[in-house]
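Residue-level structural notes
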Amino acid sequence: MESRTPAILAEIDARRDDLVALARDLIRIPTLNPPGRMYREICEMLAARLEHSGYACEMIRATGAPGDSDAYPRWNLVARRSGARPGDCVHFNGHHDVVEVGHGWTRDPFGAEVEGGRIYGRGACDMKGGIAAAVIAAEAFAAACPDHAGTIEISATADEESGGYGGVAWLAERGYFDPARVQHVIIPEPLHKDRICLGHRGVWWAEIETKGRIAHGSMPFLGDSAIRHMGAVLEEMERWLYPLLAGKRTGMQVIPEGARQSTLNVNSIHGGAAEPPEGDTGLPAPCVADRCRIVIDRRFLIEEDIAEVKREVTRMLETVKARRPGFAYEVRDLFEVQPSMTDRDAPVVRTTAAAIEAVLGAPPGYVVSPGTYDQKHIDRIGRLKNCIAYGPGILDLAHQPDEWIGIDDMMDSARVMALVLRELLC
Ligand SMILES: [Zn+2]
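What you see is a predicted model; the values in this text were computed from it and never measured.

Looking at the overall build of the chain
For the chain, the count of helices and strands is ten helices and 16 strands. Its C-alpha atoms give the chain a radius of gyration of 24 Å, near enough to 22 Å, the size a compact globule of 426 residues would have. The principal-axis extent of the C-alpha atoms belonging to the chain is close to 85 × 45 × 40 Å. Within the span of the chain, comprising 426 residues, buried residues form 47% of the whole.

Now the structure itself:
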């Protein structure tokens, strides 16, 4: 089927303006999350287009999922198009939500301005440019190979930026990523057109609370300061836990390199009286803090076991407890995700690698993401292992002001994705 390659590439070339227009249309819909705006509009826009290209489109609301409400319903689109003969199903999944705009923009964040071969806007690189490239790839492939086997699916899903529970997790729980239905998944997140992302590190978020006893601030000896107890926890963290984590290296090809070890961030700290509202001119009241809380964000490696990750924190707290009279603490789990890593020999990896080499003239790099993305749900809930992230865009631009996507990069990624379809479905 090599002979189809020139026809497929010609179909992609002919769709350059279409690709730019589609990416711009997607960027112009401000699907901000939170709170989850205009999810229905973006799904309907894509559904109208894909129906025109012969896809059966299903609009699915994740009713009752976290964040879902009548004001902000969590809409998802799954579009499916079967070929002339039975065969595998290749699924492209993109999240349609974008993060807040933030400060520092010099462009209209939802204007989709085109300049110097780039399209600017919130979500341009993460990941509306990737969705547009996948749609064009699928349409170009079907035009060049109308007699292809198998099935192509394209989904646009909600809430990846807030955990994916109203999106891919919801669909996975309902069998949409069952290996009997879908055999290959490509998530066109902005990992760059010459790299294949095999998976991500694990996550454990937890709240640690130290306890004290309230008293008048002029007589702190009559109380017990939860903040001082927390200070001791942070000291022990510096002394023992951080060096321990720095020594844990992984064989995962995590990018950037600094993330090739276990990491821990203290996301927040709070103790004592609540922060006064802005503009408040009153003075604080003198009290000994009876509670202090931190939220930790622990990222762990495929070589680590989450039970051991949690035991380390308990051990750190017990060390402090042994030294400090009156020390009491509590640890509450907030969120956890296991690491995910697709095998380098998996069919979708090998096929995408060959397509990248054919289009770009060099073999791909293999990377692992420092943070998680929707692959976790496809892997853990869907039990589908043959999944990667591959798409256009520069990861560092995601969530930044003046986010952009390169038009040539979208074109190259579309070529790669179309050749993957040729290999798997022709
Ligand atoms: Zn993303």
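A short note on the sheet that holds strand S16 (residues 404-406)
Taking strand neighbours across the sheet as the criterion, the three strands line up as S4-S5-S16 in an open arrangement whose pairing is antiparallel. The sheet terminates laterally at strand S4 (114-115) and S16, the two strands that pair on one side only. Of the strand pairs in this sheet, strand S5 (residues 118-120) and S16 are connected by three bridges, and their pairing is antiparallel. Paired with Ile 119 across the bridge in S16 is Ile 405.

What about the domain arrangement of the chain?
For the chain, the domain assignment lists domain 1 (2-200 + 339-425) and domain 2 (202-273 + 284-337). Distance from the C-alpha centre of domain 1 to the C-alpha centre of domain 2: 37 Å. Each side of the interface is counted separately: domain 1 has eight residues, and domain 2 has twelve residues. No other element matches the three residues that strand S14 (residues 365-369) contributes to the side of domain 1 that touches domain 2. For the side of domain 1 that touches domain 2, the residue count by class is six nonpolar, one polar and one charged.

Considerations on the sheet that holds strand S10 (residues 263-271)
A sheet is described by the order of its strands in space; here four strands give the open sequence S10-S11-S9-S12, paired in antiparallel fashion. Whereas interior strands pair on both sides, the edge strands pair on one side only; in this sheet they are S10 and strand S12 (329-337). Sheet twist, expressed as the average angle between the axes of neighbouring strands with direction ignored, equals 15 degrees. Relative to S12, strand S9 (residues 202-211) runs antiparallel, the two being bridged by eight bridges. Paired with Trp 204 across the two strands is Glu 336, which belongs to S12.

Observations regarding the pairing of strand S8 (residues 195-200)
Burial analysis of S8 places five of its six residues in the buried class, the great majority of the element. In this structure, S8 lies alongside S14, joined through five bridges in parallel fashion. From the neighbouring strand, His 200 faces S14, where its bridge partner is Ser 369. Both S8 and strand S13 (residues 340-341) contribute to a ladder of two bridges, which runs antiparallel. From the neighbouring strand, His 200 faces S13, where its bridge partner is Ser 340.

Concerning helix H3 (residues 39-52)
Between its first and last C-alpha, H3 extends 20 Å over 14 residues, near the 20 Å set by a 1.5 Å rise per residue. Those residues of H3 not exposed but buried are Tyr 39, Ile 42, Cys 43, Leu 46 and Leu 50. The arc that holds every buried residue of H3, seen down its axis, measures 95 degrees, which confines them to one face. Looking at H3, the residues exposed on the side facing more than 90 degrees away from the buried face are Ala 48 and His 52. Buried residues along H3 sit against helix H2 (16-27), strand S1 (56-61), strand S2 (75-82) and strand S6 (149-157). A positive backbone phi angle near 90 degrees is found at Gly 54, which sits one or two residues after H3.

Here is what the cut-offs are and how they apply
Residues numbered from 1 in each chain as written. Predicted model: local features only at pLDDT ≥ 70, side-chain atom pairs only at ≥ 80, totals over all residues. Helix = DSSP H or I, 4+ residues; strand = E, 2+ residues; numbered from the N terminus. Rg over C-alpha atoms; globule rule 2.2 N^0.38 Å. Buried ≥ 20, exposed ≤ 12 C-beta atoms within 10 Å, placed from the backbone. Pairing = 2+ DSSP bridges. Domains from an automatic or database assignment. Contact = placed C-beta atoms within 7 Å. Nonpolar A, V, L, I, M, F, W, Y, C, P; charged D, E, K, R; others polar. Axes fitted to C-alpha atoms, helices over the stretch in contact; angles between N-to-C directions. Expected span 1.5 Å × (residues − 1). Arc of directions from axis to C-beta.

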